[in-house]
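Architecture and fold: a report
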Amino acid sequence: MLVAEDYDDARDIMAMVLQSAGFQVLEARDGVEALEAARSFRPNIIVMDMFMPNMDGLTATRALRDEPTLRRIPVIAQTAQPSVISGSRELFDAVLAKPCSPDLLIRTISELIG
């Protein structure tokens, strides 16, 4: 699993929660790192923040969907402003509003990866 989040504390907490639930977690600080990690490691799911430096989550997800080897990886959008992606919801397998409870995040991930 890949977690793309620019805020260190939020990324660290999310990684700890997911690791304690039994998931192996890779971390990225922006969309560029997220794309590089996806290409290198082919995660089974990506939790993508929408507002990040260098490349935002919407742009990174569009790039993922353009690559044949990555386009089927489920992507969960996480954002404090869901209206930002209202015209692009079809890119995402799920959209979670921040702040998101750990239980909801884990349940959503589990539903998407079976």
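Basis of the calculations
- Residues numbered from 1 in each chain as written.
- Predicted model: local features only at pLDDT ≥ 70, side-chain atom pairs only at ≥ 80, totals over all residues.
- Heavy atoms only, no water.
- Helix = DSSP H or I, 4+ residues; strand = E, 2+ residues; numbered from the N terminus.
- Rg over C-alpha atoms; globule rule 2.2 N^0.38 Å.
- Buried < 20%, exposed > 50% of the residue type's maximum accessible area, 1.4 Å probe, protein only.
- Contact = heavy atoms within 4.5 Å.
- Areas by Shrake-Rupley, 256 points an atom, 1.4 Å probe, with all protein chains shown as cover.
- Core = buried A, V, L, I, M, F, W, Y, C linked by side-chain atoms within 4.5 Å.
- Pairing = 2+ DSSP bridges.
- Right-handed = clockwise from strand over helix to strand, strands pointing away.
- Polar contact = N/O pair within 3.5 Å; in protein donor to acceptor, adjacent residues only side chain to side chain.
- Axes fitted to C-alpha atoms, helices over the stretch in contact; angles between N-to-C directions.

1. Regarding the overall build of the protein chain
A tally of regular secondary structure across the protein chain gives four helices and five strands. Starting at the N terminus, the α and β elements of the protein chain follow one another as β-α-β-α-β-α-β-β-α. The C-alpha radius of gyration computed for the protein chain amounts to 12 Å, which stays within 12% of the reference 13 Å derived for 114 residues, consistent with globular compactness. Projecting the C-alpha coordinates of the protein chain onto the three principal axes gives extents of approximately 30 × 30 × 25 Å. Among the 114 residues that make up the protein chain, the fraction classed as buried is 46%. Here the contacts in the protein chain between residues at least 6 apart in sequence split such that 57% fall between residues at least 24 apart. With an accessible surface of roughly 6000 Å², the protein chain has 50% of that area assigned to carbon and sulfur atoms.

2. Quick notes on the environment of leucine 2
Counting through the fold element by element, leucine 2 comes out in strand 1 (residues 2–4). Judged by relative accessible area, leucine 2 falls into the buried class, the value being 0%. With 52 residues separating them along the chain, leucine 2 and asparagine 54 place their C-alpha atoms 18 Å apart. Sequence-distant contacts of leucine 2, defined by excluding residues within four places in its chain, comprise Leu26, Glu27, Ala28, Ala34, Ala37, Ala38, Pro43, Ile45, Ile46 and Val47.

3. A look at the nonpolar core
One finds Ile46, Met48, Met50, Leu64 and Phe92 to be the most contacted residues of the largest nonpolar core, which totals 22 residues. Counting only elements with at least two residues in this core, the list comes to strand 1, helix 2 (31–41), strand 3 (46–49), helix 3 (57–66) and strand 4 (75–79). Counting 15 residues, the second largest nonpolar core, distinct from the first, contains Met1, Val25, Cys100 and Leu105.

4. Comments concerning the pairing of strand 4
Of all five residues in strand 4, five are buried, a share of seventy percent or more. By the bridge criterion, four bridges tie strand 3 to strand 4 in an arrangement that is parallel. Each bridged residue has a counterpart across the sheet, and for valine 47 the counterpart in strand 4 is isoleucine 76. In terms of handedness, the path from strand 3 via helix 3 over to strand 4 forms a crossover that is right-handed. Pairing analysis gives four bridges linking strand 4 to strand 5 (residues 94–97), with the strands arranged parallel. Considered in strand 5, the bridge of isoleucine 76 is made with alanine 94.

5. A look at the side chain of serine 88
Of note, serine 88 is situated in the loop between strand 4 and strand 5. Exposure remark for serine 88: the relative accessible area of 8% places this residue in the buried category. For serine 88, the side chain forms a polar contact with the side chain of arginine 62, separated by 3.1 Å. Once you skip the residues sitting within four places of it in the chain, serine 88 turns out to touch Leu58 and Arg62.

6. Side note on the sheet that holds strand 4
Taken in spatial order, the five strands make up an open sheet running 2-1-3-4-5, and their pairing is parallel. A single partner strand is all that each edge strand has here, and the edge strands are strand 2 (26–28) and strand 5. Sheet twist, expressed as the mean angle between neighbouring strand axes with direction ignored, is 20°. In the sheet, strand 1 pairs with strand 3 via three bridges, with the strands oriented parallel. Residue pairing for strand 3: alanine 4 is matched across the bridge by methionine 48.

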